[in-house]
Amino acid sequence: MDHLALLEGEVVAMAAALRAADPTRDVASCPGWTVQDLTNHITAVHRWVLGALRNEGSPPYDDSVVSTADDYAAAATALVTRLRELPEDAPCWTFNRDDQTAGFWRRRQLQEVSIHRWDVEQHEIDEAVAEAGVDEVVSFFLPRQVRSGRTTLPAGHVGLDTGRAMWTLVDGDGPRAFLHAGAPDLNLLLWGRRTLDEVVVEGDAAFAAAVFAAALTP
């Protein structure tokens, strides 16, 4: 998968979505946020990552600056340009202790923009991008949430199945449940943009609900 090419397409589409949206409109999938708040956030994230790519330690993050769609487009273009200049294995600061390379940011920013573009316009997420997003949550974000004490999971087993790929979300003895859906819906579910009644739950539905009541992502 060419994460950088996909990111480039996503940021162009995101800028268009922000230009078309009313900045005062509430973002239903991000309670308490308007489109303006989301614009401020995603623009600040891109600027923050640009700082991280300088490999000078954790950069400051500030989403209090009011940003326009054009500001977003400028920050996103600068980010893609810098990522294209750097080899994928170029060292830089990241919040992943096991991957301190520019490649981490290619993958992470693709998911960041894909999810937040969905927040703005509920677009049809690319299947391969969504599968990579599910894998990122299962292999990185959820273990990080548990390790940092930000969430506690009930003991048991939950699997995720897209028909093309399968993951073990929670592994262990006890209640067993499988969630069946397309990768876009599973990715949105993991990020709190879908609910369990929008996917097929096989097995112990109450246990699956208990798992998804935990903070699986930041």
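Conventions we followed
Residues numbered from 1 in each chain as written. Predicted model: local features only at pLDDT ≥ 70, side-chain atom pairs only at ≥ 80, totals over all residues. Heavy atoms only, no water. Helix = DSSP H or I, 4+ residues; strand = E, 2+ residues; numbered from the N terminus. Rg over C-alpha atoms; globule rule 2.2 N^0.38 Å. Buried < 20%, exposed > 50% of the residue type's maximum accessible area, 1.4 Å probe, protein only. Contact = heavy atoms within 4.5 Å. Core = buried A, V, L, I, M, F, W, Y, C linked by side-chain atoms within 4.5 Å. Salt bridge = Lys/Arg side-chain N within 4 Å of Asp/Glu carboxyl O. Pairing = 2+ DSSP bridges. Axes fitted to C-alpha atoms, helices over the stretch in contact; angles between N-to-C directions. Expected span 1.5 Å × (residues − 1). Arc of directions from axis to C-beta. Polar contact = N/O pair within 3.5 Å; in protein donor to acceptor, adjacent residues only side chain to side chain.

S.K.: If you had to explain the overall build of the protein chain to someone new, which residues and values would you point to?
M.R.: Broken down by element type, the protein chain carries seven helices and four strands. The linear arrangement of helices and strands in the protein chain, starting from the amino end, is α-α-α-α-α-β-β-β-α-β-α. Whereas a compact globule of 218 residues would reach a radius of gyration of roughly 17 Å, the protein chain reaches 18 Å, a difference of no more than 12%. In terms of its C-alpha atoms, the protein chain occupies a principal-axis envelope of roughly 50 × 40 × 30 Å. For the protein chain, buried positions account for 52% of its 218 residues. Of all intrachain contacts in the protein chain linking residues separated by at least 6 positions in sequence, the fraction that spans at least 24 positions is 59%.

S.K.: I'd like a description of the nonpolar core, backed by residues and values.
M.R.: In this structure, Leu 53, Tyr 72, Trp 105, Leu 160, Leu 169, Leu 179 and Phe 212 are the most contacted members of the largest nonpolar core, which totals 69 residues. Filtering out sequence-adjacent residues up to four positions away, Leu 160 remains in contact with Val 134, Val 138, Ala 165, Met 166, Trp 167, Leu 169, Phe 178, Leu 179, Leu 186 and Leu 190.

S.K.: Can you explain the pattern of salt bridges? Please cite residues and give values.
M.R.: On inspection of all chains with the given rule, the structure shows 14 salt bridges. A salt bridge links Glu 88 to Arg 107, with the shortest nitrogen-to-oxygen separation between them at 3.8 Å. With Glu 88 in the loop between α3 (69-85) and α4 (102-121) and Arg 107 in helix α4, this residue pair connects regions lying 19 residues apart in the sequence. The partly exposed category is assigned to Glu 88, whose relative accessible area is 41%. On the accessibility criterion, Arg 107 (30% relative accessible area) is partly exposed.

S.K.: Mind laying out the sheet that holds strand β4 (residues 200-203), listing which residues take part and the relevant values?
M.R.: Reading across from one edge, β2-β1-β3-β4 is the order of the four strands in this open sheet, with mixed pairing throughout. Of all strands in the sheet, those bounded by a partner on one side alone are β2 (166-170) and β4. Mean inter-strand twist for the sheet, computed between neighbouring axes without regard to direction, equals 25 degrees. Relative to β2, strand β1 (residues 157-161) is paired through four bridges, and the arrangement is antiparallel. Across the sheet, residue Asp 161 finds its bridge partner in β2, namely Met 166.

S.K.: Give me the lowdown on helix α1 (residues 3-20), citing residues and values where you can.
M.R.: Helix length check: α1 (18 residues) gives 25 Å between terminal C-alpha atoms against 26 Å at 1.5 Å per residue, within 8%. Every buried residue of α1 is accounted for by His 3, Leu 4, Leu 7, Glu 10, Val 11, Met 14, Ala 15, Ala 17 and Leu 18. Looking straight down α1, one finds its buried side chains confined to an arc of 160 degrees; they lie on one side. Facing away from the buried side of α1 by over 90 degrees, the exposed positions are Val 12 and Ala 20. Here the buried face of α1 lies against α2 (35-52), α3 and α4.

S.K.: Report on unusual backbone geometry, specifying residues and quantitative values.
M.R.: With a phi angle near 60 degrees, Asn 55 is a residue other than glycine that sits in the positive phi range. Position of Asn 55 among the secondary structure elements: in the loop between α2 and α3. For Asn 55, a relative accessible area of 41% puts it in the partly exposed group. Non-glycine residue Gln 122 carries a positive phi angle of around 50 degrees. Mapped onto the fold, Gln 122 is located in the loop between α4 and α5 (127-147). Judged by relative accessible area, which is 44%, Gln 122 ranks as partly exposed.

S.K.: I'd like a description of α5, backed by residues and values.
M.R.: With 21 residues, α5 should reach 30 Å at 1.5 Å per residue; the first-to-last C-alpha distance of 29 Å fits that figure. Where α5 begins, the capping side chain belongs to Asp 126, and its oxygen is found 2.9 Å from the backbone nitrogen of Ala 128. Just beyond α5, the residue with positive phi is Gly 149, at close to 80 degrees.

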